[in-house]
Amino acid sequence: MVFVYPYKKSPDHFDIKQSIAWIKRVYPDATIYTIGDAVDGALNIPCQQFNNIRGIDVTNRILTFAKTIGGEFIYMNDDFYISEIWNPNVAYFKGLLQVNANHPPHYQEAARNTVEFLMHNKFTIHNFECHQPVKMSSEKLIKLFNEINWQDGNHFIKSIYLNVYKCNAVPGDNVKIHRPDVIKASEFLKTYGCFSTGEAFLSKAGAEFLKAGFRLL
């Protein structure tokens, strides 16, 4: 199995090193790439930052992998973690994608552009922005984004891809945790096989939880 991180380096690479270690516990023979900056434990495809709009830059990095290596892969972020029950053939969504005035402006723009594209083309608008690893096909991704002016505005690559290609979508939760709550992390790992960390998770207890790993009983 191939895992791909669009990656811009952090000061100590802590998150991505732990995320890679968790993958290796579940998939010892996994092939892992970073697209952008290099990190120990992963192959690297150099990729300059496209611009400072996150959605556009991430799409450029993922398309760089698709065009350079190709095949099926798992799209990862450096703060994603998986357990043994994670199912790459299931994608969780939480309700419908909406423009929420409580979100930052860049997030609202991404939601608006994504919803407008999907509705204009008569696709579903499930909200797949649940901070989960996602299985993608390079061929399908390239074909889809060749038809989209993705360089023109922020957007959500996962919600576009998963709504267009009618994945095995299952209602679920946003699994990102914005507090140092290892109990909630354990619950998500047992229910969904994955979770994601916000900065506040990285307290002493949270960091130790990530370094220790997680095994289902």
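All of these numbers come straight from a predicted model, not from anything done at the bench. (Residues numbered from 1 in each chain as written. Predicted model: local features only at pLDDT ≥ 70, side-chain atom pairs only at ≥ 80, totals over all residues. Heavy atoms only, no water.)

1. Looking at the environment of Ala-200
Relative to the assigned elements, Ala-200 resides in the loop between strand E10 (194-197) and helix H7 (204-212). Classification of Ala-200 by relative accessible area gives partly exposed; the value is 41%. Spatially, the C-alpha atoms of Ala-200 and Arg-179 are 4.9 Å apart, while their sequence positions differ by 21 residues. Those residues in contact with Ala-200 that sit more than four places away from it in its chain are His-178, Arg-179 and Pro-180. (Helix = DSSP H or I, 4+ residues; strand = E, 2+ residues; numbered from the N terminus. Buried < 20%, exposed > 50% of the residue type's maximum accessible area, 1.4 Å probe, protein only. Contact = heavy atoms within 4.5 Å.)

2. Topic: the pattern of salt bridges
In the structure shown here, the tally under the stated rule is six salt bridges. Across the salt bridge formed by Lys-176 and Asp-79, the nearest N and O atoms sit 3.2 Å from each other. Residue Lys-176 is found in strand E9 (residues 176-177), and its partner Asp-79 is found in the loop between strand E4 (72-75) and strand E5 (80-82); the two are separated by 97 residues along the sequence. With relative accessibility at 22%, the residue Lys-176 sits in the partly exposed group. As a salt-bridge pair, Glu-208 and Lys-211 come within 3.2 Å of each other at their nearest N and O atoms. Of the two residues, Glu-208 and Lys-211 are both situated in helix H7; the distance of three residues between them amounts to about one turn of the helix. Residue classification places Lys-211 among the partly exposed positions, given a relative accessible area of 43%. (Salt bridge = Lys/Arg side-chain N within 4 Å of Asp/Glu carboxyl O.)

3. Points about the sheet that holds strand E7 (residues 134-137)
Taken together, five strands build an open sheet; the order of strands is E3-E2-E1-E4-E7 and the sheet is mixed. Each edge of the sheet is formed by a strand with only one pairing partner; in this case those strands are strand E3 (43-45) and E7. Pairwise comparison of adjacent strand axes, ignoring direction, gives a mean angle of 35 degrees for this sheet. When strand E1 (residues 2-7) meets strand E2 (residues 31-36), the two strands line up parallel, connected through six bridges. If you follow Pro-6 over to E2, its bridge partner there is Ile-35. Across the sheet, helix H1 (residues 14-26) is in contact with E1 and E2; its angle to E1 comes to roughly 175 degrees. Sitting on the sheet, helix H5 (residues 157-164) is in contact with E4 and E7, with an inclination near 65 degrees to E7. (Pairing = 2+ DSSP bridges. Axes fitted to C-alpha atoms, helices over the stretch in contact; angles between N-to-C directions.)

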